[in-house]
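Chain residues, written in single-letter form:
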Amino acid sequence: NLNFLNSLPSLIYFEFFDNNLEIIDRKWFNSLKNIEKIDIGSNKLKKIENHSFQSLTNLKSLFIMNEKIISLNKNTFVGLNNLLMLNLEGNELTR
């Protein structure tokens with residue numbers, strides 16, 4: 001559970017590796033208006049809820065690598081208008 005992130009509104013960079021994270025909840029990042037980079041990898045992530053990143057208007061880089069994600073919804077990355085880099089390498093995505 002990453003609900004604690006909402007108490008860190010000035011956070012600019014978040015890194016989360018080698019944990020047992022299985023899902024990204026759309027409420028976890030609501031208060032992170034200043035965040036520019038999120039780097040998540042080598043967990044057990046299977047699902048990203050729709051609109052999880054919608055409030056992250058300053059996010060420029062999103063790395064979600066070496067996870068178990070097999071599909072993404074068209075609303076997964078809604079609101080990321082300033083995103084410059086998206087890396088989903090090492091997931092199990094299919095068309």
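**Q** Tell me about the overall build of the chain, and please be specific about residues and values.
**A** If you tally the helices and strands in the chain, you get zero helices and six strands. Along the chain, helices and strands appear, N-terminal first, in the series β-β-β-β-β-β. What you see for the chain is a C-alpha radius of gyration of 12 Å, in line with the 12 Å of a compact globule of 95 residues. Taking the principal axes of the C-alpha coordinates as reference, the chain spans close to 35 × 25 × 20 Å. In the structure as shown, the chain presents an accessible area of about 5,600 Å², 47% of it carried by carbon and sulfur atoms. Where the 11 positive side-chain charges of the chain centre and where its 10 negative ones centre are 8 Å apart.

**Q** Any details on the environment of K68? Residues and values, ideally.
**A** Note that K68 resides in the loop between β5 (61-65) and β6 (85-87). We classify K68 as partly exposed; its relative accessible area is 42%. For the pair K68 and N1, spaced 67 residues apart in the sequence, the C-alpha separation amounts to 18 Å. If we ignore the near neighbours within four places in the chain, the residues touching K68 are K44, L45, K46, N91 and E92.

**Q** Please give an account of the nonpolar core that cites residues and values.
**A** Of all hydrophobic cores here, the largest spans 22 residues; its most connected members are I24, F29, I38, F53, L56 and I64. The set of elements that each furnish at least two residues to this core consists of β1 (13-17), β3 (37-41) and β5. Leave out the neighbours within four places in its chain, and F29 touches L5, N6, F14, I24, I38, S52, F53, S55 and L56.

**Q** Please set out the packing of aromatic side chains residue by residue, giving values where relevant.
**A** The tally for this structure, following the rule as stated, stands at four aromatic pairs. Pairing F14 with F16 gives two aromatic rings, centres 5.8 Å apart and planes at 20°, and the pair type is stacked. Of the two residues examined, F14 and F16, each falls in the buried class. Here the aromatic rings of F53 and F77 are separated by 6.1 Å at their centres, their planes lie at 10°, and the arrangement is stacked. Note that F53 is positioned in the loop between β4 (47-48) and β5 and F77 in the loop between β5 and β6, a separation of 24 residues in sequence. By relative accessible area, which is 0% here, F53 ends up buried. Cluster of aromatic residues (ring-pair linked, three or more members): F14, F16, F29, F53 and F77.

Procedures and definitions
- Residues numbered from 1 in each chain as written.
- Predicted model: local features only at pLDDT ≥ 70, side-chain atom pairs only at ≥ 80, totals over all residues.
- Heavy atoms only, no water.
- Helix = DSSP H or I, 4+ residues; strand = E, 2+ residues; numbered from the N terminus.
- Rg over C-alpha atoms; globule rule 2.2 N^0.38 Å.
- Areas by Shrake-Rupley, 256 points an atom, 1.4 Å probe, with all protein chains shown as cover.
- Lys, Arg positive; Asp, Glu negative; His and termini not counted.
- Charge placed at Lys NZ, Arg CZ, Asp CG, Glu CD.
- Buried < 20%, exposed > 50% of the residue type's maximum accessible area, 1.4 Å probe, protein only.
- Contact = heavy atoms within 4.5 Å.
- Core = buried A, V, L, I, M, F, W, Y, C linked by side-chain atoms within 4.5 Å.
- Phe/Tyr/Trp six-rings, centres within 6.5 Å; stacked < 30°, edge-to-face > 60°.

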